[in-house]
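Architecture at a glance
The lines below spell out each chain.
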Amino acid sequence: MTGLHAVVTGGAGFLGSHLCERLVHLNASVTCMDNFLTGSPGNVEHLMGRPGFRVMECDLTGFVHVPGPVDLVLHFASSASPADYLRHPIETLKAGSLGTLHALGLAREKDARFVLASTSEVYGDPLEHPQRESYWGNVNPVGPRSVYDEAKRFAESLTTAYRESRGVDTAIVRIFNTYGPRMRPHDGRAIPTFIRQALTGEPFTVAGDGTQTRSICYVDDTVSGVLALASSDFAGPVNIGNPVEMSVLELAETIRRLTRSCSPIRFVERPVDDPDVRRPDTSLAVRRLGWRPQIDPETGLLRTIAWFERELRGTDAAAVS
Ligand code: NAD
């Protein structure tokens with residue numbers, strides 16, 4: 001990646017900030033574009049001053065201009081946690097539609113490769129398990145989650161149209177649940193919620209009876225998969241995720257054990273259209289990108305817990321002073 005200029009939209013968010021960090025380490029120039037709706041400048045503060053790194057405050061749904069040549073556009077701007085996209089439904093639809101249109105326009109103008117961050121949510125509540133890229137999905141188009149799911153399905157369609165009718169060199173990555181440092185303790189996703197509850201002595205809130213399954217991928221693995229796709233000539237769509245599947249209750253119990261928490265588990269109402277199962281078939285990523293996840297869930301969770309311990313201590317300290 002040495003000498004290459006990458007634009008990361010949503011670069012101040014959880015995944016985007018890890019992408020920026022890895023690209024900087026690989027000696028790329030990086031422009032992080034973000035409107036800070038759910039991300040924060042603090043996520044990339046440690047990269048400020050590094051050669052070739054810059055942050056542009058910009059809303060992708062409006063006019064987008066980046067001076068000079070660009071080699072790669074990684075389009076990650078969009079709310080991703082259900083709590084965020086239910087709070088910002090129109091913004092989420094606009095990020096997936098107008099935001100993707102403008103990011104594709106930038107890639108076309110600069111003759112850059114374009115990677116769309118799509119999601120396992122395009123499979124909805126899947127009727128096929130594990131999910132292969134050939135599965136078309138089972139999405140409720142008027143359910144509360146549709147603002148995210150349908151925005152991403154539209155974004156995939158738009159990306160494909162730009163590839164086929166405008167000749168843009170595009171790729172689509174379908175990312176499955178990713179976790180790690182820099183998730184917000186209150187972003188509503190299961191892992192940060194359980195870790196926060198464990199560390200603050202609150203009860204674990206498990207949705208439904210907790211038998212619904214998820215497959216969790218540590219952020220470093222997801223970033224490697226995204227960059228393997230970016231460096232290839234493959235258009236995808238390709239699943240990137242860790243195929244180790246566990247129930248949400250098992251996840252809560254694992255976090256309780258790893259944090260040595262005594263918090264009880266409380267069962268709460270399950271969100272509407274919450275998928276019953278989630279597991280990627282990653283054989284295409286293995287075959288086409290030579291990618292497979294390296295970090296097992298316990299190792300990744302321990303790293304994430306250590307980060308949250310530091311964060312929550314910092315927050316307490318700030319609140320006291
Ligand atoms: P995040 O909320 O932490 O990051 C999203 C970033 O996009 C934020 O910094 C936000 O401020 C920015 N943003 C939103 N709308 C914008 C706009 N109109 N203009 C400019 N910036 C905007 O979420 P995340 O978990 O880091 O997810 C990043 C991307 O990866 C999203 O596209 C998401 O759909 C995709 N993804 C994430 C996961 C996951 O498990 N984290 C799974 C599948 C797909």
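It should be emphasised that the depicted structure is a prediction, and the values quoted were computed from it without experimental measurement.

Here the focus is the overall build of the chain. Per the secondary structure count, the chain includes nine helices and 13 strands. Seen through its principal axes, the chain has C-alpha atoms that stretch 55 × 50 × 35 Å. Evaluated residue by residue, the chain yields a buried proportion of 53% over its 321 residues. The contacts of the chain with a sequence gap of at least 6 include a subset with a gap of at least 24, amounting to 80%.

We now examine the site of the ligand. Taken together, 28 residues surround the ligand, and among them Leu-15, Asp-34, Thr-38, Tyr-148 and Lys-152 come closest. The contact in question runs from an oxygen atom of the ligand to an N or O atom on the side chain of Lys-152, over 2.8 Å. Within the backbone of Thr-178, an N or O atom sits 2.8 Å from an oxygen atom of the ligand. Burial of the ligand by the protein chains amounts to 97% of its free accessible area of 820 Å².

Attention now goes to the environment of Ala-207. Turning to its location among the elements, Ala-207 is positioned in strand β8 (residues 204–207). Under the relative-accessibility criterion, Ala-207 is labelled buried at 17%. Sequence separation between Ala-207 and Asp-274 is 67 residues; the distance between their C-alpha atoms is 9.3 Å. Contacts of Ala-207, omitting those with residues within four sequence positions, involve Gln-212, Val-268, Glu-269, Arg-270 and Pro-271.

What follows deals with the side chain of Arg-113. Mapping Arg-113 onto the fold places it in strand β5 (residues 113–119). At 2.7 Å, the side chain of Arg-113 forms a polar contact with the side chain of Asp-169. Here the side chain of Arg-113 touches Leu-229 through a polar contact of 2.9 Å, landing on its backbone oxygen. Setting aside residues up to four positions removed in sequence, Arg-113 forms contacts with Asp-71, Leu-72, Val-73, Asp-169, Thr-170, Ala-171, Leu-229, Ala-230, Ser-232, Asp-233 and Phe-234.

UniProt annotation of "domain: NAD-dependent epimerase/dehydratase" (unreviewed entry) refers to residues 7–241 when read in the numbering used here. Counted over residues 7–241, helix gives 36% and strand 19%. Its end C-alpha atoms are 23 Å apart.

To continue, consider the sheet that holds strand β11 (residues 238–240). On the basis of which strands lie adjacent, the open sheet formed by seven strands has the order β3-β2-β1-β4-β5-β6-β11 and parallel pairing. Either end of the sheet is taken by a strand with one partner, and the two such strands are β3 (53–57) and β11. Across the sheet, the mean angle from the axis of one strand to that of its neighbour is 20 degrees, orientation sign disregarded. Judged from the five bridges that link them, strand β2 (residues 29–34) and β3 form a sheet pairing that is parallel. Bridged to Cys-32 within β3 is Val-55. Packing against the sheet, helix α1 (residues 14–25) makes contact with β1 (5–9), β2, β3, β4 (72–75) and β6 (170–175), and its axis sits at approximately 170 degrees to β1.

What follows is about α1. With 12 residues, α1 extends 17 Å between its outermost C-alpha atoms, agreeing within 8% with the 16 Å of an ideal straight helix rising 1.5 Å per residue. Burial runs high along α1: 10 of the 12 residues are buried. Residues of α1 that are buried: Phe-14, Leu-15, Gly-16, Ser-17, His-18, Leu-19, Cys-20, Glu-21, Leu-23 and Val-24. Taken from the residues just after α1, Asn-27 is the one with a positive phi, measuring 70 degrees.

Using the criterion set out here, one finds six aromatic pairs in the structure. Plain terms: the ring middles of Tyr-85 and Tyr-148 are 4.6 Å apart, the flat faces sit at 5 degrees to each other, and that makes the pair stacked. Of this pair, Tyr-85 sits in helix α2 (residues 82–87) while Tyr-148 is found in helix α4 (residues 146–166), placing the two residues 63 residues apart along the sequence. Taken together, the ring pairs in this structure connect Tyr-123, Tyr-135 and Phe-176 into an aromatic cluster. The side chain of Arg-166 reaches across the aromatic face of Tyr-162, ending 6.0 Å from its centre.

What tends to happen in soluble globular proteins is that the nonpolar side chains get buried as a cluster. The biggest cluster of nonpolar side chains holds 58 residues, and the ones touching the most others in it are Leu-74 and Ile-255. Leaving out residues up to four positions away in the same chain, Leu-74 has contacts with Val-7, Val-8, Thr-9, Leu-19, Leu-23, Val-115, Val-226, Leu-227 and Ala-230. By size, the runner-up hydrophobic cluster in this structure holds 22 residues, among which are Met-33, Cys-58, Ala-107 and Ile-172.

Looking now at helix α6 (residues 219–231). Every α-helix carries 3.6 residues per turn, so stepping three or four residues along brings you back to the same face. With 13 residues, α6 ought to run about 18 Å at 1.5 Å a step, and its terminal C-alpha atoms sit 18 Å apart, in line with that. Three or more residues of α6 are buried, namely Val-219, Asp-221, Thr-222, Val-223, Gly-225, Val-226, Leu-227, Leu-229 and Ala-230.

What counts as what
Along each chain, residue indices are assigned from 1 in the same order as the chain's sequence is written. In view of the model being predicted, local features appear only for residues whose pLDDT reaches at least 70, and side-chain atom pairs are presented and counted only at 80 or more, with totals across whole chains, interfaces and linings using the full set of residues. Hydrogens and water are ignored here; the side-chain numbers use all heavy atoms of the structure. Going along the chain from the N terminus, every DSSP run of H or I of four or more residues is numbered as a helix, and every run of E of two or more is numbered as a strand. The rule is simple: take the accessible area with a 1.4 Å probe, protein chains only, and divide by the maximum for that residue type; under 20% is buried, over 50% is exposed, in between is partly exposed. Should any heavy atoms of two residues lie within 4.5 Å, those residues are considered in contact. The rule for a residue being near a molecule or strand is that one of its heavy atoms must lie within 4 Å of it. N or O atoms closer than or at 3.5 Å make up a polar contact, with two conditions inside protein: a donor-capable atom paired with an acceptor-capable one, and, for residues adjacent in sequence, both atoms drawn from side chains. All accessibility values rest on the Shrake-Rupley procedure with a 1.4 Å probe; residue burial counts only the protein chains present in the view. UniProt positions are given in the numbering used here, feature names are shortened, and annotations may be inferred rather than shown by experiment. Any two strands with at least two DSSP-identified bridges between them are counted as paired. Between the N-to-C directions of two axes lies an angle of 0 to 180 degrees, each axis being a line fitted to C-alpha atoms and, for a helix, fitted only over the stretch in contact. The span one expects for a helix is its residue count, reduced by one, times 1.5 Å. Here the aromatic set is Phe, Tyr and Trp, taking the six-membered ring for Trp, and pairing holds for ring centres within 6.5 Å; pairs whose planes are under 30 degrees apart are stacked, those over 60 apart are edge-to-face, and all others are tilted. Consider the ring centre and the ring normal. A charge sits over the ring if Lys NZ or Arg CZ is within 6 Å of that centre and within 35 degrees of that normal. Residue types Ala, Val, Leu, Ile, Met, Phe, Trp, Tyr and Cys, when buried and joined through side-chain atoms within 4.5 Å, form a set referred to as a nonpolar core.

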